[in-house]
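# An overview of the molecular structure
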Amino acid sequence: MKKISTILIAIIASQIALCGYGRDGAKKFDISDNITVMQLTDNLYLYTATEQIGEWGLVPSNGMIAADGETAYMLDTPMSETATRQIVEWVREALGAKITGFIANHWHGDCIGGLHYLHSAGTVSYASDKTIAECNARGIEAPQQAFADTLTLYAGSVEMQLFYPGGAHARDNIVVWFPAENILFAGCMVKDLEAESLGNTEDASLEEWPGTMQTLLDKYPSDAVVIPGHGAPGGTELIRHTITLLQKSPSLHP
């Protein structure tokens with residue numbers, strides 16, 4: 001597991017460096033054998049947690065931390081409460097901050113698996129109204145604060161623009177844009193460049209997905225750094241790669 005994490009962090013570092021992030025000697029942290037964190041900017045951190053996800057086996061999943069002073073927000077949790085707690089404790093010990101807010105990309109376990117722990121720690125959670133409806137319908141713990149299309153939040157001085165671009169990997173998935181840093185946390189709707197398929201499409205909105213990708217291309221700068229839900233970050237070529245995968249998908253073109 002530690003070897004996998006080391007390889008992943010090297011790939012992530014090289015990808016972000018190509019996009020203008022990750023200064024020489026960028027700080028990287030091994031929280032545990034299966035969780036790594038890399039500092040992207042003064043206030044933004046990318047975490048990667050490798051966990052067992054059903055038939056897919058060991059899967060590395062990405063999330064983010066936005067921290068300014070004593071205030072921090074988490075974007076997505078790992079699958080487990082244990083891994084979520086480890087990240088929360090690292091933020092407190094290494095950054096001197098408390099995770100006061102949480103943003104869910106969509107309702108799957110690799111986004112909200114640690115939600116109960118965060119709620120027990122007093123964290124306020126935000127998600128699309130569609131995500132909250134999905135959680136309630138499925139009888140699982142739901143985020144607390146809903147928004148319809150857009151919502152702007154702040155972790156200290158760090159601006160985070162939440163946006164629902166349409167259905168894709170899930171019908172409720174959102175993105176989070178950091179305008180000052182030119183970083184888009186796209187989550188699972190965007191595939192990394194190593195992906196050869198769309199992955200799990202059981203809950204996907206296949207008919208909407210191509211248009212949702214075009215919405216991202218139209219809305220955000222062409223030089224934006226894009227962070228997918230799984231795999232290495234890159235630029236907007238990740239969005240175009242996802243469109244190519246959609247064009248080739250037998251699910252869309254039987």
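Residues numbered from 1 in each chain as written. Predicted model: local features only at pLDDT ≥ 70, side-chain atom pairs only at ≥ 80, totals over all residues. Heavy atoms only, no water.

### Focus on the pattern of salt bridges
Defined as follows: A carboxyl oxygen of Asp or Glu within 4 Å of a side-chain nitrogen of Lys or Arg is what we treat as a salt bridge. The helix and strand labels rest on DSSP assignments: H or I over at least four residues marks a helix, E over at least two residues marks a strand, and numbering proceeds from the N terminus. Burial here depends on accessible area, computed with a 1.4 Å probe over protein chains only, as a share of the maximum for the residue type. Under 20% is buried, over 50% is exposed, and the range in between is partly exposed.
Taken as a whole, this structure holds six salt bridges when the rule is applied. As a salt-bridge pair, arginine 85 and glutamate 89 come within 3.3 Å of each other at their nearest N and O atoms. Of this pair, arginine 85 and glutamate 89 both sit in helix H2 (residues 81–95), four residues apart, roughly one helical turn. Using a relative accessible area of 24% as the deciding quantity, one classes glutamate 89 as partly exposed. With a closest N to O distance of 3.9 Å, arginine 171 and glutamate 208 form a salt bridge. One end of the pair, arginine 171, is in the loop between strand E10 (158–163) and strand E11 (175–178); the other, glutamate 208, is in the loop between strand E12 (183–187) and helix H6 (209–219), and 37 residues separate them in sequence. The exposure class of arginine 171 is partly exposed, given its relative accessible area of 40%. Taken together, the shared-partner salt bridges connect Glu134, Arg138 and Asp203 into one network.

### A few points about the confidence of the model for the protein
The line we're drawing: Each residue gets a pLDDT score, which is the predictor's confidence in that residue and runs from 0 to 100. Contacts are assigned to residue pairs that have any heavy atoms within 4.5 Å of one another.
Put simply, the protein has an average pLDDT of 90, and 87% of its residues get 70 or more. Note on residues 1–11: pLDDT is under 50 here. Beyond four places in sequence and across chains, it has 19 contacts. Below pLDDT 50 for its whole length, residues 15–24 participates in 23 contacts with residues either more than four positions away or in separate chains.

### A few points about H2
Helical periodicity: at 3.6 residues per turn, an α-helix aligns residues three or four positions apart in one direction. Defined as follows: Multiplying 1.5 Å by the helix residue count minus one yields the expected span of that helix. Summarising the geometry, the arc corresponds to the directions from the helix axis toward the C-beta atoms.
If you check H2, its first and last C-alpha atoms are 20 Å apart, about what 15 residues at 1.5 Å a residue would give, namely 21 Å. Every buried residue belonging to H2 is among Ala83, Thr84, Ile87, Val88, Trp90 and Val91, and all of these are buried. Projected down its long axis, H2 shows its buried positions confined to an angular sector of 155°, all on one face.

### Quick notes on the packing of aromatic side chains
Quick reminder of the rule: In summary, the pairing rule links any two rings of Phe, Tyr or Trp, Trp by its six-membered ring, whose centres are within 6.5 Å, and it sorts them by plane angle into stacked for under 30 degrees, edge-to-face for over 60 and tilted for everything else. Any Lys NZ or Arg CZ that is within 6 Å of a ring centre and within 35 degrees of that ring's normal is treated as a charge sitting over the ring.
In total, this model carries four aromatic pairs according to the counting rule given. With a centroid separation of 5.8 Å and an interplanar angle of 75°, the aromatic rings of tyrosine 45 and tryptophan 90 are classed as edge-to-face. Here tyrosine 45, found in strand E3 (residues 44–52), pairs with tryptophan 90, found in helix H2; they are 45 residues apart in sequence, far enough to count as distant. Taking relative accessible area as the criterion, tyrosine 45 reaches 7% and is therefore assigned buried. With relative accessibility at 11%, the residue tryptophan 90 sits in the buried group. Members of the aromatic cluster, each reached through a chain of ring pairs, are Phe29, Tyr45 and Trp90. Positioned over the ring face of tyrosine 164 is lysine 130, at 4.3 Å from the centre of the ring.

### A few points about the pairing of E10
Note the cut-off: Two strands form a pair only when DSSP identifies at least two bridges running between them.
Of the pairings in the sheet, the one linking strand E9 (residues 150–155) to E10 comprises six bridges and is antiparallel in character. The residue of E10 that forms the bridge with alanine 155 is valine 158. Here E9 folds back onto E10, and the loop between the two strands holds two residues, one of which, glycine 156, carries a positive phi near 65°. Bridging between E10 and E11 involves three bridges; their strand directions are antiparallel. If you follow glutamine 161 over to E11, its bridge partner there is tryptophan 177.

### So, the sheet that holds strand E6 (residues 98–103)
Stated precisely, the cut-off is as follows: Convention adopted: a line fitted to C-alpha atoms gives each axis, helices being fitted over their contacting stretch, and angles between N-to-C directions are expressed from 0 to 180 degrees.
The strand order E1-E2-E3-E4-E5-E6-E7-E8 describes an open sheet built from eight strands, whose pairing is mixed. Of all the strands in the sheet, just strand E1 (28–32) and strand E8 (145–147) have a single pairing partner and so form its edges. Each neighbouring strand pair of the sheet contributes to a mean axis angle of 25°, computed without reference to strand direction. Across the sheet, H2 touches E1, strand E2 (35–39), E3, strand E4 (58–68), strand E5 (71–75) and E6, and the angle it forms with E1 is around 135°. Strands in contact with helix H5 (residues 129–138) are strand E7 (124–128) and E8; relative to E7, the strand with the most contacts, it is inclined by about 100°.

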